[in-house]
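The residues making up each chain are set out below.
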Amino acid sequence: MKFAYLIMDKIFDSKKDRAIIHNGVSQIIGVSNIEEACQIAKELQREGIDCIELCGGFREEGARKIIDATDNKVAVGFVIHLKEQDDIYAKLFGK
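Rules used throughout
Within every chain, residues take consecutive numbers counted from 1 along the sequence as written. Local features are withheld for residues below a pLDDT of 70 in this predicted model, meaning they are given only at 70 or higher, and side-chain atom pairs are given and counted only at 80 or more; totals for whole chains, interfaces and linings count all residues. Heavy atoms throughout the structure, all of them, feed into the side-chain values; hydrogens and water do not. To get an axis, fit a line to the C-alpha atoms, keeping to the stretch in contact for a helix; angles then go from 0 to 180 degrees between the N-to-C directions. What counts as a helix is a DSSP run of H or I of at least four residues, what counts as a strand is a run of E of at least two, and both are numbered from the N terminus. Oblique is the label for any angle not covered by the other classes, which are roughly parallel (under 35 degrees), roughly antiparallel (over 145) and roughly perpendicular (65 to 115). Take the far helix as the reference: if the near one is turned anticlockwise from it by less than a right angle, the crossing is left-handed, and if turned clockwise, right-handed. Contacts between residues were defined by any pair of non-hydrogen atoms, one from each residue, lying within 4.5 Å. Amino acids outside the nonpolar list (Ala, Val, Leu, Ile, Met, Phe, Trp, Tyr, Cys, Pro) and the charged list (Asp, Glu, Lys, Arg) are all regarded as polar, and Gly is one of them. To sort residues, take the accessible area from a 1.4 Å probe on protein chains only and compare it with the maximum for the residue type: under 20% means buried, over 50% means exposed, and anything in between is partly exposed. For the purpose of charge, His is not counted, nor are the chain termini; Lys and Arg are scored as positive and Asp and Glu as negative. For this analysis, a salt bridge means a side-chain nitrogen from Lys or Arg found within 4 Å of a carboxyl oxygen belonging to Asp or Glu. Throughout this description, a polar contact denotes any pair of N or O atoms lying within 3.5 Å of each other; where both atoms belong to protein, one of them has to be capable of donating a hydrogen while the other can accept it, and for residues adjacent in sequence the pair is counted only when both atoms sit in side chains. At least two bridges found by DSSP between two strands is the condition for calling them paired.

Visitor: What's the story with the packing of helix α1 (residues 34-46) against helix α2 (residues 59-69) in this structure? I'm lost.
Guide: Geometrically, a packed helix pair is captured by the angle between its two axes and the distance between the axes. Running from amino to carboxyl end, α1 crosses α2 at an angle of 40°, the nearest separation of the two axes being 9 Å. When the interaxial angle is binned, α1 and α2 end up oblique. Between α1 and α2 the crossing geometry is right-handed. Counting all contacts with α1, which are made through I34, A37, C38, A41, K42 and Q45, the residues of α2 involved are G62, K65, I66 and A69. Its residues assigned to classes, the contact of α1 with α2 comprises six nonpolar, two polar and two charged.

Visitor: What is the right way to read the side chain of E36 from this model?
Guide: Tracing the chain through its elements places E36 in helix α1. For the buried E36, no salt bridge exists, and the shortest N-O distance to an oppositely charged side chain is 5.7 Å, to K15. Polar contacts involving the side chain of E36 include one to the main-chain amide nitrogen of S32, which spans 2.6 Å. Every residue in contact with E36, bar those within four places of it in the chain, is listed here: F12, D13, S14 and V31.

Visitor: Can you walk me through the sheet that holds strand β4 (residues 51-54) in this structure?
Guide: Paired through their backbone hydrogen bonds, the strands of a sheet run either parallel or antiparallel. One open sheet accounts for five strands, arranged β2-β3-β1-β4-β5; its pairing is mixed. In this open sheet, the two edge strands, each paired with only one partner strand, are β2 (18-21) and β5 (75-78). Strand-to-strand twist across the sheet, computed as the mean angle between neighbouring axes with direction ignored, equals 15°. Across four bridges, β2 lies against strand β3 (residues 26-31) in antiparallel orientation. Of the residues in β3, the one forming a bridge with A19 is I28. α2 rests against β4 and β5 of the sheet, and its axis sits at about 165° to β5.

Following this line, the structure appears as structure tokens:
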């Protein structure tokens, strides 16, 4: 299985902010916005990635956009946190 994890923040540039491990079996890629994430997801699909996991910043809406971008042919999941940590995450990410 080939796996990729996308993290999103306006500071990232997907051309530079990448880590590839185990001969490309796993990748971590930083993207600056959802549009860039959709482009990267399509590229990953063409490269044979089986699963794309997304950081929590994508939320369900972003995950659905990645699913649409890959025609629902790649497994897509997203990280969430437990409700009791809402305040911590709000302080950390300013939401």
